[in-house]
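Breakdown of the fold
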Amino acid sequence: MSRPTATDEEVEALLGDFRRIRTFSEQLCEPLAIEDYGLQTAVEASPPKWHLAHVSWFYETFLLRPFLPGYRVFHPRFDYLFNSYYEQTGSGFWPRPERGLLSRPTVAEVYDYRHHVDAAMVRLIGDCPAADRATVTERLRIGLHHEQQHQELLLIDIKHHFAHNPLRPAYRADLPRAEPTAPEPLRWQAFEGGLIEIGAAGAGFAYDNERPRHRVHLEPFALAERPVNNAEWLEFIADGGYEDPALWLSDGWAEVRRRGWRAPLYWERQGEAWEMMTLAGMRPLDPAEPVCHLSYYEADAFATWAGKRLPSEAEWECAAGDQLVGGNFVETGALHPRPAAGPGLRQLFGDVWEWTASAYLGYPGYRAARGALGEYNGKFMCNQMVLRGGSCASARDHVRASYRNFFYPHERWQFMGLRLAGEAR
């Protein structure tokens, strides 16, 4: 085996990132009881056991099997059980709505699978042939960011599972909570617009859907300095926002009537007060916190009610482009949105993913990569909307100004909120 072209420092950095991210997935599961690992309370919310196994399947499929000589798969049927949606791997996949029906493999076997994959990945990272080093490094970076995505999904899925339980159990009762504060008035920041560039630039990691970088013309616009908060959403409810079809897109109004929406997901009325389900269990609603767990339809209806609109993703990125990526991320440990005070644009990163008015489509010149990895983003560019900025469950080093998240407009279980936009005065 030829010597790797990477320096010892580069190899150690890759190993450090791999071990840190793999360990964090298991740390997130430490508060779970064994009975929690197999829960699936919605099609979009997978069991914790499945998440732990799927991210291991990713490394096994795209790195270990093609690049580590002599690698032996942990179990020949895991390729079928823990493939998510990749058609070109040739293995097929277990139906997504039925992931919660798999009592076997056991949780212990899933952890054994992870540790089997971890040991092999350490060998591959340390002893990769020079001819494969660039490809292995690129795929490893995708795999690490993929696992960070599933860490966020793990948290929001656990919240959905626990909220389904009448006991409203806490994932972690010890989570910190900010002291309630009076909501700040909404202020605005104007932007000149013009011809700007958006999309990932440089050689740093980015998903293929963030490229190519390209020019966009923007008319002058204004952006709210903070996300919409719970107090403002209470005004929307009190003013009949969920009862007025004039505020809603046609598909959105159909969802309101079909699903009986009267408030954001996880809100519960207790007499004259509101509470909401959190990862720490039920808590009184804090008026100053960013509102979250909203569908695109709700965000759009609120913007119409407020006489404003949602920003395009280009407007959002224009505003965020010179901002440092900092804020309330998973590393903060709150696992819940927090109020933020102070002047100027804030909370663009962390707290809540912000719905934009932009459909999830490829940028000009975008082409999905060939092979199964090309299915990662490209085949979902239909019927979904773009969100920006990350959330309180996102990893700080996973998010950047060009990052494009995407969900169907009716979905609410993610930490989704909104920031208003308008025309510059």
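Scroll up to find the structure.
Residues numbered from 1 in each chain as written. Predicted model: local features only at pLDDT ≥ 70, side-chain atom pairs only at ≥ 80, totals over all residues. Heavy atoms only, no water.

Our focus in this paragraph is the pattern of salt bridges. Between side chains of opposite charge, a pair can form as their charged atoms come close. One pass over the structure, following the stated rule, counts 25 salt bridges. The salt bridge partner of Arg 259 is Glu 255, with a shortest N-O separation of 2.2 Å. One end of the pair, Arg 259, and the other, Glu 255, are both in helix α7 (residues 250–259), four residues apart, so they sit about a helical turn from each other. Among the charged side chains, a salt-bridge network with shared partners connects Arg 22, Glu 26, Arg 114, Asp 118 and Glu 147. (Salt bridge = Lys/Arg side-chain N within 4 Å of Asp/Glu carboxyl O. Helix = DSSP H or I, 4+ residues; strand = E, 2+ residues; numbered from the N terminus.)

Here the focus is the packing of aromatic side chains. For any pair of aromatic rings, the description consists of the separation of the ring centres together with the inter-plane angle of the planes. Applying the stated criterion to the full structure yields 36 aromatic pairs. A centroid spacing of 6.0 Å and a plane angle of 75° characterise the contact between Tyr 207 and Tyr 403, whose relative ring orientation is edge-to-face. Residue Tyr 207 is found in the loop between β2 (194–198) and β3 (214–218), and its partner Tyr 403 is found in the loop between β9 (385–388) and β10 (405–407); the two are separated by 196 residues along the sequence. In this pair, the class of Tyr 207 matches that of Tyr 403, namely buried. The lysine or arginine in question, Lys 308, covers the ring of Trp 188, its NZ or CZ lying 4.7 Å from the ring centre. (Phe/Tyr/Trp six-rings, centres within 6.5 Å; stacked < 30°, edge-to-face > 60°. Buried < 20%, exposed > 50% of the residue type's maximum accessible area, 1.4 Å probe, protein only. Lys NZ or Arg CZ within 6 Å of the ring centre and 35° of its normal.)

Below, the discussion takes up the nonpolar core. Formed by 101 residues in total, the largest nonpolar core has its most connected members in Met 121, Trp 233 and Leu 418. If we skip the residues at most four places from it in the chain, Trp 233 touches Val 228, Tyr 242, Pro 264, Trp 267, Val 291, Leu 294, Glu 298, Ala 299, Phe 302 and Leu 418. Grouped together as the second largest cluster of nonpolar side chains are 19 residues, Val 216, Leu 218, Leu 223 and Ala 401 included. (Core = buried A, V, L, I, M, F, W, Y, C linked by side-chain atoms within 4.5 Å. Contact = heavy atoms within 4.5 Å.)

Quick look at the sheet that holds strand β4 (residues 221–224) now. What the three strands build is an open sheet, ordered β1-β4-β12; its pairing is antiparallel. Of all strands in the sheet, those with a lone pairing partner are β1 (188–191) and β12 (421–423), marking the two edges. Ignoring strand direction, the axes of neighbouring strands in this sheet form an average angle of 30°. Note: β1 against β4, four bridges, orientation antiparallel. The partner of Ala 190 across the bridge, within β4, is Ala 222. (Pairing = 2+ DSSP bridges. Axes fitted to C-alpha atoms, helices over the stretch in contact; angles between N-to-C directions.)

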